[in-house]
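# Results of the structural survey
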Amino acid sequence: MSSAETTTDEPKEAVGAEVAVGAGVVAPAAEEESTATFEPVVKLEEVEIQSGEEDEEVVYAQRSKLFIFGETMLDKGSGNKTWIERGIGNLRVLRHKEHKKLRLLMRQEKTMKIICNHVIDPRIKLEPHVQSDRAWIWAAFDFSGGTELVETIFCIKFGDSEVANKYKVEFEGCQEKMKELVATDDAETGDAAADAAADTAADKLAALTTDE
């Protein structure tokens, strides 16, 4: 035999090469782990988002559909008004933890945009919609835009008449609680202007035909 045939030197293993394990079983050889680290180019700090509801608690919530009575974009300035859908979401009654006053708040699902936001005034009257036993109509000074109070006529529609009736009971119960709080405030400060504005809104609601 030649020296080439009788050599006992074993072949060196290459990094990443396959190594025979047992009979006919092949496994990858161990590879060196990378110790490289990467720092982000821009570091973003966590920002706490305030909803404006941190000091309030929910006393009522019900999924429903909201409409307002007004002009569409195409009818702007024409005086032609109709029911316009504002969106679907949870209609909630919120009570302030400190001064206990109540407000009605509704956010549009998914976008969370505020579509109804006003105090529960004891002078508000829920009127039934003549074409539906699961809808209520009322007028209020809305603050959904976040800049000014806007006199708005709303219509809320629930899943069935039973839910709608329960809402009316809940709403009127909240009005009684607000009546006590408002009476105290009025006695201390006087609020004749607000009374006159509420009466005007009530007159406009009374003149509204709900069969449109």
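Report on the accompanying structure. All values reported here derive from a predicted model rather than from experimental measurement.

### Some points on the nonpolar core
Ranked by internal contacts, the top residues of the largest apolar core, which has 24 residues, are Leu66, Leu104, Ile120, Trp138, Ile156, Phe158 and Tyr167. Sorting the residues of this core by element identifies β3 (56-70), β4 (82-96), β5 (102-107), β6 (114-119), β8 (132-142), β9 (150-157) and α2 (161-189) as the ones contributing at least two each. No other element matches the five residues that α2 contributes to this core. Leave out the neighbours within four places in its chain, and leucine 104 touches Leu91, Arg92, Val93, Cys116, Asn117, His118, Ile120, Trp138, Tyr167 and Phe171. Grouped together as the second largest cluster of nonpolar side chains are eight residues, Trp83, Ile137, Ala139 and Cys155 included.

### Digging into the environment of glutamate 176
Within the secondary structure, glutamate 176 is located in helix α2. With a relative accessible area of 45%, glutamate 176 lands in the partly exposed category.

### Thoughts on the packing of aromatic side chains
What the rule picks out here adds up to five aromatic pairs. Aromatic side chains phenylalanine 69 and tryptophan 83 sit 5.1 Å apart centroid to centroid with 65° between the ring planes, which places their arrangement in the edge-to-face category. Of this pair, phenylalanine 69 sits in strand β3 while tryptophan 83 is found in strand β4, placing the two residues 14 residues apart along the sequence. Considered together, phenylalanine 69 and tryptophan 83 belong to a single accessibility category, that of buried residues. Considering the side-chain rings of tryptophan 138 and phenylalanine 154, the 5.2 Å spacing of their centres and the 25° angle between planes classify their relative orientation as stacked. Here phenylalanine 154 lies in strand β9 and tryptophan 138 lies in strand β8, a separation of 16 residues in the sequence. Take tryptophan 138 and phenylalanine 154: they sit in the same class, and that class is buried.

The rules behind the values
Residues numbered from 1 in each chain as written. Predicted model: local features only at pLDDT ≥ 70, side-chain atom pairs only at ≥ 80, totals over all residues. Heavy atoms only, no water. Core = buried A, V, L, I, M, F, W, Y, C linked by side-chain atoms within 4.5 Å. Buried < 20%, exposed > 50% of the residue type's maximum accessible area, 1.4 Å probe, protein only. Helix = DSSP H or I, 4+ residues; strand = E, 2+ residues; numbered from the N terminus. Contact = heavy atoms within 4.5 Å. Phe/Tyr/Trp six-rings, centres within 6.5 Å; stacked < 30°, edge-to-face > 60°.

Distances and angles like these do not, on their own, reveal function.
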